[in-house]
Amino acid sequence: KGPGSVNDPELESTPGMDPFTDTLQRLREAFSSGRTRSAEFRAAQLNGLSRFLRENKQLLQETLARDLHKAAFHSDISELIICQNEVDLALRSLHTWMKDEPVAKNLVTQLDSAFIRKEPFGLVLILTPWNYPLNLSLVPLVGALAAGNCVVLKPSEMSKCAERVLAEVLPRYLDQSCFAVVLGGPEKTGKLLEHEFDYIFFTGSPRVGKIVMAAAAKHLTPVTLELGGKNPCYVDDNCDPQTVANRVAFFRCFNAGQTCVAPDYVLCSPEMQARLVPALQSAITRFYGDDPQSSPDLGRIINEKHFQRLRDLLSCGRVVIGGQSDESDLYIAPTVLVDVQETEPVMQEEIFGPILPIVNVRSLGQAIDFINRREKPLALYVFSKSSQVVNQMLDRTSSGNFAGNEGFTYLTLTSLPFSGVGKSGMGRYHGKFSFDTFSHHRACLLSHSGLEMLKNIRYPPYSDCRQKL
Ligand code: NAD
């Protein structure tokens, strides 16, 4: 149990006692005091977060290695550097972001002052998954703190080491009257969601996203939902198979495939498939050697439940690369499946593992139809030397994020909003988008107390309107 955390088994087992009431009350009082609103306070929290990242770098790398077998370099590029960049940007930009934004005026308001004030919502709840447990907790946290909110963070119970570090170490770097970490699984989170928050930021599965949104609706609480789904990857005949294979294999196997924006399946012609499969084999061998299980650079599946689910998916279609698994090590080999039917489980559910099915289509048009018949994905990828093909895919489909001839490198740009669309989510964050997400944009018009003569025209009776004009 960390200093800022709520995880008291005694309270939990006491009938009628709610383990969250006191903490939430404390945070609400802190917010009401106005303490979190000043730029100085916000900067102090962000500096605390920055120190947490710098002073605990090795601990954080070890934590991610234990939870997900992440190599230190992997942890740096996918979690720690991304968090650090977000904090640094927020610290550099805080004063600009916080400034009132003047807006255009009309004739009637020429002499007034019209602007948008970015004000904090109040008490914010951030719920996070296990696959990038630090990144997906801290990046939203940067936005919430920069915007001047009090925050309850509920990390995933599945990435146990990261959960512990977030609960025990992180609060020491932040003002604990304004920040708390809450621990627990589905049941306890359900109880937490009965409480009223001013904003809920959820990252996770569409299934739980619906539970969160339903709970938020009871209090009319606004939500951001960062969800998942199946991300298509179209490979045109006009491309270099080895270049495509390198990029697709890298982004599919990154974090053992447990990435919400990973390419989930490939759409290509049978001819391209014949060239792509050996190229994928060559890329996988180059990255992870002849025995990927002994590679220090390949992640592991988070737990037995997900391992079993993935092992079952290996029986779909026909295995042409990989297919091995080892339960004692939670290892699933980088695997490519062909001859896959649309009705098979591997084409029905988000894979979230190092398995890549290939589905044949005859043309770009057929690929676009295939994609548009399904839910709008979180990410969509297209590989082609033809900019026409890339642009047609962009113009005729919809997705949260889009990349041509690349994987999810767009995540490194704080200048781009990250978001889902349709069933892959709602709301956006990263960089200034995070600050805006966690701020209410208050419309303000400050007028003069004098100049009543000018305003006279609007008052009834309107029968003498012409005379007034
Ligand atoms: P999850 O939805 O199972 O869990 C997310 C959070 O919700 C966890 O903190 C968990 O404790 C909590 N939770 C689980 N069941 C709950 C319930 N019944 N009631 C209340 N809270 C509950 O997701 P996960 O398995 O941790 O993560 C994998 C999913 O997250 C995938 O679908 C993936 O695509 C998605 N994801 C999305 C993004 C994104 O940015 N869009 C990023 C990472 C992961």
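Under an unreviewed UniProt entry, the name given to the chain is Aldehyde dehydrogenase, and the source organism is Odocoileus virginianus. The record held by UniProt for the chain lists under Sequence similarities (unreviewed entry) the comment "Belongs to the aldehyde dehydrogenase family."

Would you take a moment to explain the overall build of the chain for this structure?
Within the chain one finds 17 helices and 21 strands. Taking 469 residues into account, the globule formula puts the C-alpha radius of gyration at 23 Å, and the chain, at 25 Å, falls close to it. Each principal axis of the C-alpha atoms in the chain carries an extent, and together these give about 80 × 65 × 40 Å. Buried residues in the chain amount to 54% of all 469 residues. Considering only residue pairs separated by 6 or more positions, the chain has 71% of its internal contacts joining residues 24 or more positions apart. For the chain, the distance from the average position of its 49 positive side-chain charges to the average position of its 52 negative side-chain charges is 6 Å.

Could you clarify how one ought to interpret the site of the ligand in this entry?
Neighbouring residues of the ligand: 25 residues in total, closest Lys-154, Glu-157, Ser-205, Leu-227 and Glu-350. Between the ligand and the protein, one listed contact pairs an oxygen atom with a side-chain N or O atom of Lys-154 at 2.7 Å. Between Ser-205 and the ligand, the recorded distance is 2.6 Å, taken from a side-chain N or O atom to an oxygen atom. When the ligand is considered free in solution it has 840 Å² of accessible area, and contact with the protein chains removes 93% of it. When residues of the shell around the ligand are traced back to their parent elements, those giving at least two are helix H8 (186–192), strand S7 (199–203) and helix H9 (206–218). The residue makeup of the shell around the ligand, split by class, is 13 nonpolar, 8 polar and 4 charged.

Any chance you could explain the pattern of salt bridges here in plain terms?
Side chains that carry opposite charge are capable of pairing whenever their charged atoms lie near each other. Counted by the stated rule, this structure contains 20 salt bridges. Residue Glu-119 is joined to Arg-442 by a salt bridge in which the shortest nitrogen-to-oxygen separation is 2.7 Å. Taken as a pair, Glu-119 in strand S3 (residues 113–120) and Arg-442 in strand S21 (residues 439–446) lie far apart in primary sequence, 323 residues in all. Glu-119 sits in the buried class, given a relative accessible area of 15%. By relative accessible area, Arg-442 is classed as partly exposed at 42%. Notably, a salt bridge pairs Glu-327 with Arg-311, separated by 3.7 Å at the nearest N-O pair. Of this pair, Glu-327 sits in the loop between strand S12 (325–326) and strand S13 (331–332) while Arg-311 sits in helix H12 (residues 304–313), placing them 16 residues apart in sequence. If you follow the salt bridges from partner to partner, you end up with Glu-342, Arg-373 and Arg-374 in one network.

About the thresholds
- Residues numbered from 1 in each chain as written.
- Predicted model: local features only at pLDDT ≥ 70, side-chain atom pairs only at ≥ 80, totals over all residues.
- Heavy atoms only, no water.
- UniProt positions renumbered as here; feature names shortened; annotations may be inferred.
- Helix = DSSP H or I, 4+ residues; strand = E, 2+ residues; numbered from the N terminus.
- Rg over C-alpha atoms; globule rule 2.2 N^0.38 Å.
- Buried < 20%, exposed > 50% of the residue type's maximum accessible area, 1.4 Å probe, protein only.
- Contact = heavy atoms within 4.5 Å.
- Lys, Arg positive; Asp, Glu negative; His and termini not counted.
- Charge placed at Lys NZ, Arg CZ, Asp CG, Glu CD.
- Near = heavy atom within 4 Å.
- Polar contact = N/O pair within 3.5 Å; in protein donor to acceptor, adjacent residues only side chain to side chain.
- Areas by Shrake-Rupley, 256 points an atom, 1.4 Å probe, with all protein chains shown as cover.
- Nonpolar A, V, L, I, M, F, W, Y, C, P; charged D, E, K, R; others polar.
- Salt bridge = Lys/Arg side-chain N within 4 Å of Asp/Glu carboxyl O.

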